[in-house]
Structure formats: C-alpha cells, structure tokens
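Breakdown of the fold
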Amino acid sequence: MDIYDVLIRDFPFLLKGLGVAIVLLAALLVIGFVLGMSICLLQLYGPKTRLLQWPLLLYERVFRGVPIIIMLFIFYYGISGVYDISAFAAAILAMGLRSAAYQSQIFRSAFQSVPAGQMMAARAMGMSKAKAIRHIIFPQAARHAIGPWTNEFSSEIKETSLAYVIGVVELTRQAHYIITSTQGNVLIVFAVVALLYFVLNRAGNSLLYAYERKLAVPGFEK
Amino acid sequence: MTDDLILDVQGVTKSYDGLEVLKGIGFGLRKGETKVLIGPSGSGKSTLLRCINYLTRPDAGRIFLSGEEVREGNIDAMRARMGFVFQDFNLFSHLTVLDNVRICQIKVSGIDRETATQRAQQELARVGLGDKAAAYPAELSGGQQQRVSIARALAMDPDVLLFDEPTSALDPELTNEVIRVMQQLARDGMTMVVVTHEMSFARQAADELIFMENGHIVEQGPPGNLFSHAASERTRAFLNVIAEHG
C-alpha cells in the first residue's frame, strides 16, 4: 500500500483532527473575545483605581509575555495535579486566556483610534457614557478592529497545532499518527496537513474581509 | 428678574494648572435672544461655552437653564436641552445624515422612529439639505457637514443653541452658507449663544455682543453701540483689527 492509499484511507482521521482544531479555535476565540473586550472596556472606561487597573495590566503583560507552549504545560500539568482536567479543556483555557490578552489590546487601540470629538458630540447631545460607547464609539471601533483581528485569527489557527504537546488529538497529532504507522512519508503527510491549515486560514480571512467591506463607510473608507 | 431667562450664567470660574481662564463670568439670555461672544484667542470664550453644558466642568459658579440648575447629577438631561455646534462638526462618521439627526432623538429622548424621521427630514430641509439624508458625512463638504450638525442639534428641540466657532474650519464660501442658516435661525426666534469671529453675523444677528478678554467680560451691549462707540479702548482696538481683516 503506497502513501496515497494510506492518505485516502486515513483522510477521515485528518478531517476529524481538523474538526478538533476548529472547535478549539472557536472556543479560544470566543473566550478571548468576551474577556478581551471586557478588559479593554475596563481599561478605557472603568474606574482608574490601581486596585482594578494593575491586575488588568499584570494579566495582559503576563499572558502576552510567556510562550504558549509553557502556558499549555502550566495549565495542563499544573491544574491536573489538583483537578482532573482534560488536555483539550486545558488547551482551550490556556489559549483562550492568552488570546484575551492579545484581543484586549486590539480592541483598545481600535477604541482609541475613534476621534475624541465623537464621544464629546455624543455626550453633548445628552447621551450617557454607556449609550455613547454602545451607539457611537463601538460601531466605529469595530470597523477599525476587524483588520488587526484577522491577524489574531490567523495566528490562533496555526497555534492550535501546539496543543499537540499536551496530547490533544488535533490535526497535527493525527498527522503524526499516520506517519508513525506508515514508517515515513513525512513530507507528503505534512504537505497535506499544511494545505488543510492554509485552506481553513484563507476561508476564515475571506469571510472577515468580506465583513470588513460590508461595514465600510462610504466616502470614508472606500 | 431671573424667571424669564432661558440661560442664566452666574460667577463661572475655571482654571487650568493655576492659570485662571475664566474669572467669574455672568450673563443672561432671554427667550429668542442671540448673544455673540467675541474676543481675542485665549480670552476664554470657548471655555465659557463648554462650561455652560459641563463639557468642561466649571470650578465655581452656577448655571440655570429655564430656571433649573445645571448639575453633575442631571447633566445628561440638561445637555439634551442645549444644542451644541462644534468648530469641527463632529458628525457621527459611521451614520448617514438622516441617522445623525435622528439617533439622539431616539436614544436620548425616547421618540419613536417614525416621528424622529419626520423631524429629522424637517430640520434637514430647514438647513437646505433635504436631499442629502442618505449620504454619509465624509461625502459632504465642510459647510454641508456643519449644517447637518445644526440640524442634529435643532432636532432635539433645545431651549438654547450653543455655537463654538462654527465657521472657523471653513473657507469663506462655505462660511457664508452656514452663516445664512444661523441668521435664519436668529430671525426664527431661536435662542443662541455664538462664539465667532464673523463680525457680519454679529452685526446683523446679535441682540447683544459680549466682548471678553483674559477671562473677563470687558464690555457688552447691542452691536450698533459697540461697533460705533465702544466704551473701552480695548474693545475699540479689537473691533478695528477685526474690521480691517474680516
């Protein structure tokens, strides 16, 4: 049986691995989005007390400053010592919390790129701060955030492959199983895997760019 | 009598880093009156205007709108009753002209969408932009943007309109189209406080000029009086310079 027969036979395993990678990606991006947006809003519009701002800053610095592999080890082996956590859950947690740190800074810079006059005009018309953020600042910040956010999306797709190191059976590990069972053919198997990551990446980015174009404001960004 | 005053500003002071920009300013405004604040740059005109609706918070002094005191606690409600027109327009750039004029009616005043739309179209027609409802701000000239921002303020049915150098960012041609709208508002009996260097507007539309310098009101009175025989030497000098260059 040559490698192409093996690939055809085992392709469902690769697809299953891709499915695991996609679920991991979706989960970590959602955690990162919700937490990252909260951190951004608290940093920009929350009380300026050190009691709140310092822990936020510390969180953001630590999660952006430590390699993801180390984070995966810490979360998996650290937590499984006290609580029986699956490798998959540990990966979602470690990568989601790290993505939150990155996304918070994407959103912060997007919010800050909205001219100060927009908030001033909204407040001068009688809007509360919360209403001004929701109806005036957020819709403009969201447009600024999509571009940088595609970067985060692309990075995270690729980094799901690192969950391999704590034993999550995602695409890269499935590929490794095939290689081990067929004694070689490293290049061809990984080329197929690379193609799968690439297609997923392009598909996701195309959707995001289409969304960006849909939201573009006439006379301003197009 | 303070009863018939729409706007009553009393003893407003404001300092930045020890520099006293406003040194106890007071003036009143009756319904339908237009007062124009003039004075050299740095005299405190814009700061005064921003203190009136707390965009800049005054250090001391009191402000009453139709007899009700403006406070930190009621500021959103009070601002909704004071239109503010900025030098650089500050239209909401992600919204169409129509949405710019109706969003605060809907989100602040709680007016239903249909009524807000009608009112918005009415105010856009009033500033001569009835045909621009679907455009976005970046597709308009500066003069058109400023007229939209006036319509946006008018749609809130304000007790008073505050203009902060509304034509300073515009070339002379665009300045004229904005000034014409403001003159019409003055004739229609709108109550307005206008910071401007447009002396033609001041002369024609103002019921009273207030000349400020160094955080003080130097002199105030009907434009005819001030232009022909201002009491203060400083006011005369300022008006002469403006007359030569304006």
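What follows covers the overall build of chain A. Summing up its helical and strand segments, chain A has eight helices and zero strands in all. From first element to last, N terminus to C terminus, chain A shows the α and β order α-α-α-α-α-α-α-α. Expressed as a percentage of the 222 residues in chain A, the buried residues total 46%. Restricting to contacts in chain A with at least 6 residues of sequence separation, those with at least 24 account for 74%. Approximately 11,200 Å² of chain A is accessible, and the part contributed by carbon and sulfur atoms is 69%. Put simply, chain A has 19 plus and 11 minus side-chain charges, and the middle of one group is 17 Å from the middle of the other.

The next point concerns the packing of helix α3 (residues 68–82) of chain A against helix α4 (residues 87–112) of chain A. Residue and element names in this part refer to chain A. Contact pair α3 / α4: the axes reach a minimum separation of 9 Å and the direction vectors enclose 135 degrees. Classified by the angle between their axes, α3 and α4 sit oblique to one another. In the packing of α3 onto α4, the handedness of the crossing is right-handed. Between α3 and α4, the residues in contact are I68, M71, L72, F75, Y76 and I79 and A87, A90, A91, L93, A94, M95, L97 and R98, respectively. The residue makeup of the contact of α3 with α4, split by class, is 13 nonpolar, no polar and one charged.

Now for the nonpolar core. Core analysis: the largest hydrophobic core is formed by 96 residues, its most contacted members being F111 of chain A together with L7, F27, I52 and V193 of chain B. Counting 45 residues, the second-largest nonpolar core is a separate cluster that includes L174, L209, F211 and L239 of chain B.

Moving on, we get to the packing of aromatic side chains. Applying the stated criterion across every chain, the model contains ten aromatic pairs over all chains. Seen from their ring centres, F84 of chain B and F86 of chain B are 4.7 Å apart, and the 50 degrees between their planes marks the pair as tilted. Among the residues examined, F86 of chain B registers a relative accessible area of 2% and is labelled buried. Here a set of aromatic residues connected by ring pairs shows up, and it is made of Y45, F111 and F138 of chain A. Positioned over the ring face of Y164 of chain A is R173 of chain A, at 4.7 Å from the centre of the ring.

Let us now look at helix α2 (residues 50–65) of chain A. Taking 1.5 Å as the rise per residue, α2 of chain A with 16 residues should run 22 Å; its terminal C-alpha atoms sit 21 Å apart, in good agreement. Check the buried side of α2 of chain A and you find it contacts α1 (3–45), α3 and α4 of chain A.

Quick look at the sheet that holds strand β2 (residues 19–30) of chain B now. Residues and elements named next belong to chain B. If you walk across this open sheet you meet the four strands as β2-β1-β4-β5, and the pairing is antiparallel. Looking at strand neighbours, the two that pair on one side only are β2 and β5 (68–69), the edges of this open sheet. Alignment of strand β1 (residues 5–16) against strand β4 (residues 60–65), held across five bridges, turns out to be antiparallel. Within the sheet, the bridge partner assigned to Q10 lies in β4 and is R62.

On the surface, K131 and R134 of chain A together with K107 and R113 of chain B cluster together into a patch of positive charge. Counting through the fold element by element, R113 of chain B comes out in helix α4 (residues 113–126).

What follows deals with the sheet that holds strand β7 (residues 160–164) of chain B. All names here are of chain B. Pairing in this open sheet of six strands is mixed, and the strands run β6-β7-β8-β3-β9-β10 from one edge to the other. The two strands at the open ends of the sheet, each matched to only one other strand, are β6 (82–85) and β10 (216–221). In this sheet, adjacent strand axes meet at a mean angle of 15 degrees when their direction is disregarded. Bridge count for strand β3 (residues 34–38) against strand β9 (residues 208–213) is four bridges, and the pairing is parallel. Directly across from L37, in β9, lies its bridge partner I210. Strands in contact with helix α5 (residues 142–154) are β6 and β7; relative to β6, the strand with the most contacts, it is inclined by about 170 degrees. Contacts between helix α6 (residues 172–187) and the sheet are confined to β3, β7 and β8 (192–195), with β8 contributing the most and set at about 150 degrees to the helix.

Before going further, it helps to examine the interface of chain A and chain B. Accessible area lost upon the coming together of the parts is a frequently used measure of interface size. Across the boundary between the two partners, chain A contributes 21 residues, which contact 24 residues of chain B. Buried area between chain A and chain B, both sides added, is near 2,100 Å², and the carbon and sulfur share of it is 66%. Three residues, M120, A124 and M125 of chain A, lead the burial of chain A against chain B; their summed loss comes to 29% of the area buried on that side. Note that R123 of chain A and D76 of chain B form a salt bridge whose closest N and O atoms lie 3.4 Å from each other. Viewed at the interface, chain B and chain A are joined by seven residue pairs in polar contact (both at pLDDT 80 or more). Looking at which element gives the most residues to the side of chain A that touches chain B, the answer is helix α5 (residues 116–124) of chain A, with seven residues. Along the lines of polarity and charge, the residues of the side of chain A that touches chain B split into eleven nonpolar, seven polar and three charged.

Okay, the pairing of β7 of chain B next. All names here are of chain B. Among the five residues that make up β7, five are buried, leaving the element largely enclosed by the rest of the structure. With burial as the criterion, each face of β7 is covered, one bearing V160, L162 and D164 and the other bearing L161 and F163. Strand direction decides the pairing type here: β6 and β7, joined by four bridges, are parallel. In the sheet register, M82 faces β7, and the bridge partner there is V160. Pairing analysis gives four bridges linking β7 to β8, with the strands arranged parallel. Residue pairing across strands places F163 opposite V194, the latter belonging to β8. Each parallel crossover has a hand, and for β7 linked through α6 to β8 it is right-handed.

Criteria and thresholds
Residues numbered from 1 in each chain as written. Chains lettered and ligands numbered in written order. Predicted model: local features only at pLDDT ≥ 70, side-chain atom pairs only at ≥ 80, totals over all residues. Heavy atoms only, no water. Helix = DSSP H or I, 4+ residues; strand = E, 2+ residues; numbered from the N terminus. Buried < 20%, exposed > 50% of the residue type's maximum accessible area, 1.4 Å probe, protein only. Contact = heavy atoms within 4.5 Å. Areas by Shrake-Rupley, 256 points an atom, 1.4 Å probe, with all protein chains shown as cover. Lys, Arg positive; Asp, Glu negative; His and termini not counted. Charge placed at Lys NZ, Arg CZ, Asp CG, Glu CD. Axes fitted to C-alpha atoms, helices over the stretch in contact; angles between N-to-C directions. Parallel < 35°, antiparallel > 145°, perpendicular 65-115°, else oblique. Left-handed = near helix turned anticlockwise from the far one by under 90°. Nonpolar A, V, L, I, M, F, W, Y, C, P; charged D, E, K, R; others polar. Core = buried A, V, L, I, M, F, W, Y, C linked by side-chain atoms within 4.5 Å. Phe/Tyr/Trp six-rings, centres within 6.5 Å; stacked < 30°, edge-to-face > 60°. Lys NZ or Arg CZ within 6 Å of the ring centre and 35° of its normal. Expected span 1.5 Å × (residues − 1). Pairing = 2+ DSSP bridges. Patch = residues over 30% accessible without salt bridge, like charges linked within 9 Å, V, L, I, M, F, W, Y side chains within 5 Å. Salt bridge = Lys/Arg side-chain N within 4 Å of Asp/Glu carboxyl O. Buried area = accessible area lost by both parts, 1.4 Å probe. Polar contact = N/O pair within 3.5 Å; in protein donor to acceptor, adjacent residues only side chain to side chain. Right-handed = clockwise from strand over helix to strand, strands pointing away.

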